[in-house]
Protein chains: 2
Amino acid sequence: MIVAVDAAGGDFYPKNPVEGALQAIEENSELTVLLVGPEDIIKKELVNHSYDEKRLLVHDAPQLIGMEESPAQAVKTKQQSSIVVGIGLHKAGKCDAFVSAGNTGALLAASMFILGKLKGVLRPTIAAYYPTLKGFRLLVDAGANLEIKPETAVQFAKMAEIYCEQILNITDPKVALLNVGEEEGKGTETLKEVFLTLKKEDNFIGNVEGKDILPGKADVYLCDGLVGNIVLKFGESIPEILQQMMSAAIKDMNLSQNEIQNIQKVLHTALSPFNYENVGGIPFLGVDGVSIVGHGGSSPLAIKNMIKSAVQTVEQDVNGKIVASLN
Amino acid sequence: MIVAVDAAGGDFYPKNPVEGALQAIEENSELTVLLVGPEDIIKKELVNHSYDEKRLLVHDAPQLIGMEESPAQAVKTKQQSSIVVGIGLHKAGKCDAFVSAGNTGALLAASMFILGKLKGVLRPTIAAYYPTLKGFRLLVDAGANLEIKPETAVQFAKMAEIYCEQILNITDPKVALLNVGEEEGKGTETLKEVFLTLKKEDNFIGNVEGKDILPGKADVYLCDGLVGNIVLKFGESIPEILQQMMSAAIKDMNLSQNEIQNIQKVLHTALSPFNYENVGGIPFLGVDGVSIVGHGGSSPLAIKNMIKSAVQTVEQDVNGKIVASLN
């Protein structure tokens, strides 16, 4: 198994992608990682480490795509960027998957244009991991499709369901539609139509509300990409905000160092389900390949876990199962 | 000043509305409260209290509207319900405002049908208080208009801005559009059009993302009612979920009773900005009257603060200022 890793993506490249790749080959002896990015800076970083040179390779891709660059434009004009080169290597069969902590839009665009769609897929989608009291669940679409239609929504649900089963090991995942109320007939005209179409599916449990996400009422929360993106980024902001609120509260209480440490430890443990590092990345579902994107701030651990998810996605033949379910 | 209070609304009537009303007249000597609901149950509750009978009156409205009843249906068929009677009294000039912790949809429907719209208003809107690091700010629309158009969005922003200035005492409130990215040109076609229309307004600071809400980047977060309702209910679920996560974390740590109490106290203080009791209710903006709805679980304190908001809305002539700004 060969996984290509974007060594020029995210806020901390090449350090974090390189260290994540090293952890991944350490953990999985069957794995080879291909670091894709500017050869000079990758090699400079690798000098600090000792590793099996047959299982950690470098593929030069000298152009850089910034986090704020226009995705379509970047993919079109930067043919020598790590994302375009890496996805190209995947398309050519030189690797089994590509993971990146870089520009999400650019990776999505490159995956769509270069890899193309799986047979029967109307539109690929982003399924984001979402922290709940029951562990991580999926929020789909998380921003790739700002508007959804009944026919695409049903496919998003099916693809997310398969990913849930195969990668999150959830048996018979429950799918719910994120809406303004629980009763059938709630929401916009589009949501009402989506509801009627989903109603025919076995695992559909109906509408859920914003308050039902964190308790983990469903395994797959279906919504349009506008709602998904806003809810995703909102959720990601909670730990930092809470840390600030707790610190302010602690200040006013005149506690001992020991007590403060205990509180910080409890908070840290309590917020650990929000820690995206444990899942590492989110998959593009529906593209003809395995393409996973991570947070810009991905740590080495997050990159390692992204690589792990990619390996599992290939091993469990998630794409084969998606094609079988849609055709 | 006379404020009518729904004594048959919310999860804890008549107790909480009655106690809230008692606190309100205690605090404001210029205020008279009219308790609207089934006379027998209100009077039975009042027996437990001593109060100025000239300043706490009862108006019989024997029918009950359940929290889950269809709003339009309830308003049409239950003419003797507290909501229809209370809003009717307001329309007839028998009171200056109406507040309720009952069925939000029914109050919205009754306010729309009976009070009508202010001159120049295309559609009334719900502006929900949202907790941020800087204190409560407004999220508009919070569920009354699931879809928005540029012309309604601009009005929602203006109405919320006036409410922010007059009731939240924020000078020159900043308005932002909740979107999937900060740059102009992000989002759905509708959001792009809304952006272009808002751009002409002085206080518009551009697009913000889901992560920008809790830090309080803007004072008015503009969105459609689908996004608003989901984000509102999601936010309301955070304190309870966090309490559960913290309790689970504490269990594993073998702490003393004293240490646990300190942690609970810090958490309580940290989460206090999320406590809706301090604001009590959310206004329907754009109706020709003052109509405020609270959480179903509103405490006496929350009811008291809803009444206080209603008094301020009348005293500051929020509606007059809205009409002046839109015409």
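Each chain carries its own residue numbering, running from 1 in the written order of its sequence. For this description, chains carry letters from A and ligands carry numbers from 1, given in the order in which they are written. Per-residue local features of the predicted model are confined to residues with pLDDT of at least 70, and side-chain atom pairs are confined, for both listing and counting, to 80 or more; whole-chain, interface and lining totals are unaffected and use all residues. Note that the side-chain values use all heavy atoms of the structure and ignore hydrogens as well as water.

**Student:** Would you mind going over the overall build of chain A with me for this structure?
**Tutor:** Each helix and strand in chain A was counted, giving 11 helices and 11 strands. Radius of gyration here uses only the C-alpha atoms, and the compact-globule reference equals 2.2 Å multiplied by the residue count raised to the power 0.38. Taken over the C-alpha trace, chain A has a radius of gyration of 20 Å; the compact-globule value for 327 residues is 20 Å, and the two agree within 12%. Along the first, second and third principal axes, the C-alpha atoms of chain A reach 65 × 60 × 35 Å. Taken across its 327 residues, chain A has 60% of its residues classed as buried. Starting at the N terminus, helices and strands are each numbered in turn, a helix being any DSSP run of H or I of at least four residues and a strand any DSSP run of E of at least two. Accessible area is worked out with a 1.4 Å probe on protein chains only. A residue is then buried under 20% of its type maximum, exposed over 50%, and partly exposed in between.

**Student:** What should I look at first to understand the side chain of Asn262(B) in this one?
**Tutor:** Looking at the secondary structure, you find Asn262(B) in helix α9 (residues 257-271). A relative accessible area of 13% places Asn262(B) in the buried class. Residues count as neighbours in contact if any of their non-hydrogen atoms are within 4.5 Å of one another. Not counting residues up to four positions away in its chain, the partners in contact with Asn262(B) are Met253(A), Leu255(A), Glu259(A) and Ile263(A).

**Student:** Help me understand the packing of aromatic side chains, please; the structure alone is not making it clear to me.
**Tutor:** For this analysis, a ring pair means two rings from Phe, Tyr or Trp (six-membered ring only for Trp) whose centres lie within 6.5 Å, classed as stacked if their planes differ by under 30 degrees, edge-to-face if by over 60, and tilted for the remaining angles. Evaluated as defined, the whole model comprises nine aromatic pairs over all chains. Measuring from centroid to centroid gives 5.2 Å for Phe195(A) and Phe204(A), while their planes differ by 80°, and the two rings are edge-to-face. By relative accessible area, Phe195(A) is classed as buried at 8%. The class for Phe204(A) is buried, based on a relative accessible area of 14%. A ring pair is formed by Tyr129(B) and Tyr163(B), whose centres lie 6.4 Å apart and whose planes are at 65°; its orientation type is edge-to-face. A residue pair is termed long-range when its members are at least 10 positions apart, and Tyr129(B) in strand β5 (residues 125-132) and Tyr163(B) in helix α6 (residues 150-167) qualify at 34 residues. Residue Tyr163(B) is classed as buried on the basis of its relative accessible area of 0%. One aromatic cluster is present, built from ring pairs that chain together Tyr130(A), Phe234(A), Tyr130(B) and Phe234(B).

**Student:** Is there a simple way to think about the interface of chain B and chain A in this case?
**Tutor:** Quite often, the size of an interface is put as the accessible area lost when its parts meet. Facing the 50 residues of chain B at the interface are 50 residues of chain A. In short, buried area is how much 1.4 Å probe accessible area vanishes from two parts on joining, totalled over both. Regarding the contact of chain B and chain A, the summed buried area is about 4500 Å², with carbon and sulfur atoms giving 80% of it. It is Ile230(B), Phe234(B) and Met245(B) that lose the most area in chain B upon contact with chain A, and together they represent 16% of the buried surface on that side. The salt bridge criterion pairs a side-chain nitrogen of Lys or Arg with a carboxyl oxygen of Asp or Glu, the two atoms within 4 Å. The interface formed by chain B and chain A includes two salt bridges. The salt bridge partner of Lys233(A) is Glu209(B), with a shortest N-O separation of 2.5 Å. Polar contacts, as used here, are pairs of N or O atoms within 3.5 Å; protein pairs need one atom able to donate a hydrogen and one able to accept it. Residues neighboring in sequence count only if both atoms are side-chain atoms. Along the contact surface separating chain B from chain A lie six residue pairs in polar contact (both at pLDDT 80 or more). Looking at the side of chain B that touches chain A, the elements that each hand over two or more residues are α8 (225-251) and α9 of chain B. Broken down by element, the side of chain B that touches chain A gets its largest block of residues, 17 residues, from α8(B). Classifying every residue of the side of chain B that touches chain A gives 30 nonpolar, 11 polar and nine charged. Residues were grouped as follows: Ala, Val, Leu, Ile, Met, Phe, Trp, Tyr, Cys and Pro as nonpolar; Asp, Glu, Lys and Arg as charged; and all remaining residues, including Gly, as polar.

**Student:** Explanation requested: the packing of α6(B) against helix α11 (residues 318-326) of chain B in the structure shown.
**Tutor:** To describe two helices that pack against each other, one gives the angle between their axes and the distance between the axes. Residue and element names in this part refer to chain B. Where α6 meets α11, the axes come as close as 10 Å, and the angle between the chain directions of the two elements is 140°. Regarding the angle of α6 to α11, the classification is oblique. Remark: the crossing between α6 and α11 carries right-handed chirality. Across the interface between the two elements, Gln155, Lys158, Met159, Ile162, Tyr163, Gln166 and Ile167 from α6 touch Val318, Lys321, Ile322, Ser325 and Leu326 from α11. The axes are straight lines fitted to the C-alpha atoms, using for helices just the contacting stretch, and the angles between their N-to-C directions are given from 0 to 180°. Here the word oblique covers every angle except those under 35 degrees (roughly parallel), over 145 (roughly antiparallel) and from 65 to 115 (roughly perpendicular). Each crossing gets its handedness from the near helix: less than a right angle anticlockwise from the far helix is left-handed, clockwise is right-handed.

**Student:** Can you walk me through the pattern of salt bridges in this structure?
**Tutor:** Pairing is possible between side chains of opposite charge, provided their charged atoms come close. A complete count under the given rule lists 25 salt bridges over all chains for this structure. Among the ionic pairs, Glu39(B) bridges to Lys43(B), the shortest N-O distance being 3.1 Å. Here the residue Glu39(B) and the residue Lys43(B) both occupy positions in helix α2 (residues 39-46), the gap between them amounting to four residues, near one helical turn. When its relative accessible area of 44% is taken as the criterion, Lys43(B) is described as partly exposed. A single network of salt bridges, built from pairs that share partners, joins Glu182(A), Lys211(A), Asp212(A) and Lys217(A).

**Student:** When you look at the relation of the copies chain B and chain A in this model, what are you seeing that I'm missing?
**Tutor:** Each of the two chain copies goes to the other by way of a rotation about an axis and a shift along it. Of the transformation superimposing chain B on chain A, the axial component is 0.0 Å and the angular component is 180°, with the fit at an RMSD of 0.0 Å. Considering both components of the superposition, the chain copies are consistent with a two-fold axis. Take the interface residues of chain B: 100% of them recur as interface residues in chain A, which is what a same-surface contact looks like. When the copies are superposed, the least-squares fit draws on C-alpha atoms of residues that have pLDDT of at least 70 in both.

**Student:** Can you help me understand the environment of Glu147(B) in this one?
**Tutor:** Here Glu147(B) is to be found in the loop between β6 (135-140) and α6. Taking the C-alpha atoms as reference points, Glu147(B) and Val194(B), separated by 47 residues in sequence, lie 12 Å from one another. Look past the residues within four positions of Glu147(B) in its chain and what remains in contact with it is Thr188(A) and Asp224(B).

**Student:** Which parts of the structure should I look at to understand the sheet that holds strand β2 (residues 32-37) of chain A?
**Tutor:** Strand pairing in a sheet is mediated by backbone hydrogen bonds. Such pairs are either parallel or antiparallel. Residue and element names in this part refer to chain A. Overall, mixed pairing links the 11 strands, which are arranged β3-β2-β1-β4-β11-β10-β5-β6-β9-β7-β8 in an open sheet. Two strands lie at the open edges of the sheet, namely β3 (56-60) and β8 (204-208), each paired on one side alone. The mean angle between the axes of side-by-side strands here comes to 30°, regardless of whether they run parallel or antiparallel. One requirement defines pairing of two strands: DSSP has to find at least two bridges between them. Strand direction decides the pairing type here: strand β1 (residues 2-6) and strand β4 (residues 97-100), joined by three bridges, are parallel. Bridging from a neighbouring strand, valine 5 pairs with valine 99 of β4. Together, β1, β2, β3, β4 and β11 (291-294) form the strand contacts of helix α4 (residues 82-91), whose direction differs from that of β4 by roughly 160°.

**Student:** How should I be thinking about α6(B) in this particular structure?
**Tutor:** In an α-helix, one turn spans 3.6 residues; hence positions three or four apart end up facing the same way. All names here are of chain B. Between the first and last residue of a helix there are one fewer steps than residues, each counted as 1.5 Å, and that sum is the expected span. Counted at 1.5 Å a residue, the expected span for α6 with its 18 residues is 26 Å, and the 25 Å between its end C-alpha atoms agrees. The element α6 is largely enclosed, with a buried count of 15 among its 18 residues. Backbone geometry just downstream of α6 places asparagine 169 in the positive-phi region, at approximately 55°.

**Student:** Where do I start with the domain arrangement of chain A in this structure?
**Tutor:** Residue and element names in this part refer to chain A. For the domains described, the bounds stem from an automatic or database domain assignment. Examined at the domain level, chain A breaks down into domain 1 (1-121 + 286-321) and domain 2 (123-276). Put simply, the middle of domain 1 and the middle of domain 2, counted by C-alpha atoms, are 26 Å apart. Listed per partner, the contact involves 20 residues of domain 1 and 13 residues of domain 2. For the pair domain 1 and domain 2, the number of links is zero salt bridges. Applying the counting rule to domain 1 against domain 2 returns two residue pairs in polar contact (both at pLDDT 80 or more). If you list the elements that add at least two residues to the side of domain 1 that touches domain 2, you get α5 (104-115), α10 (300-315) and α11 (318-326).

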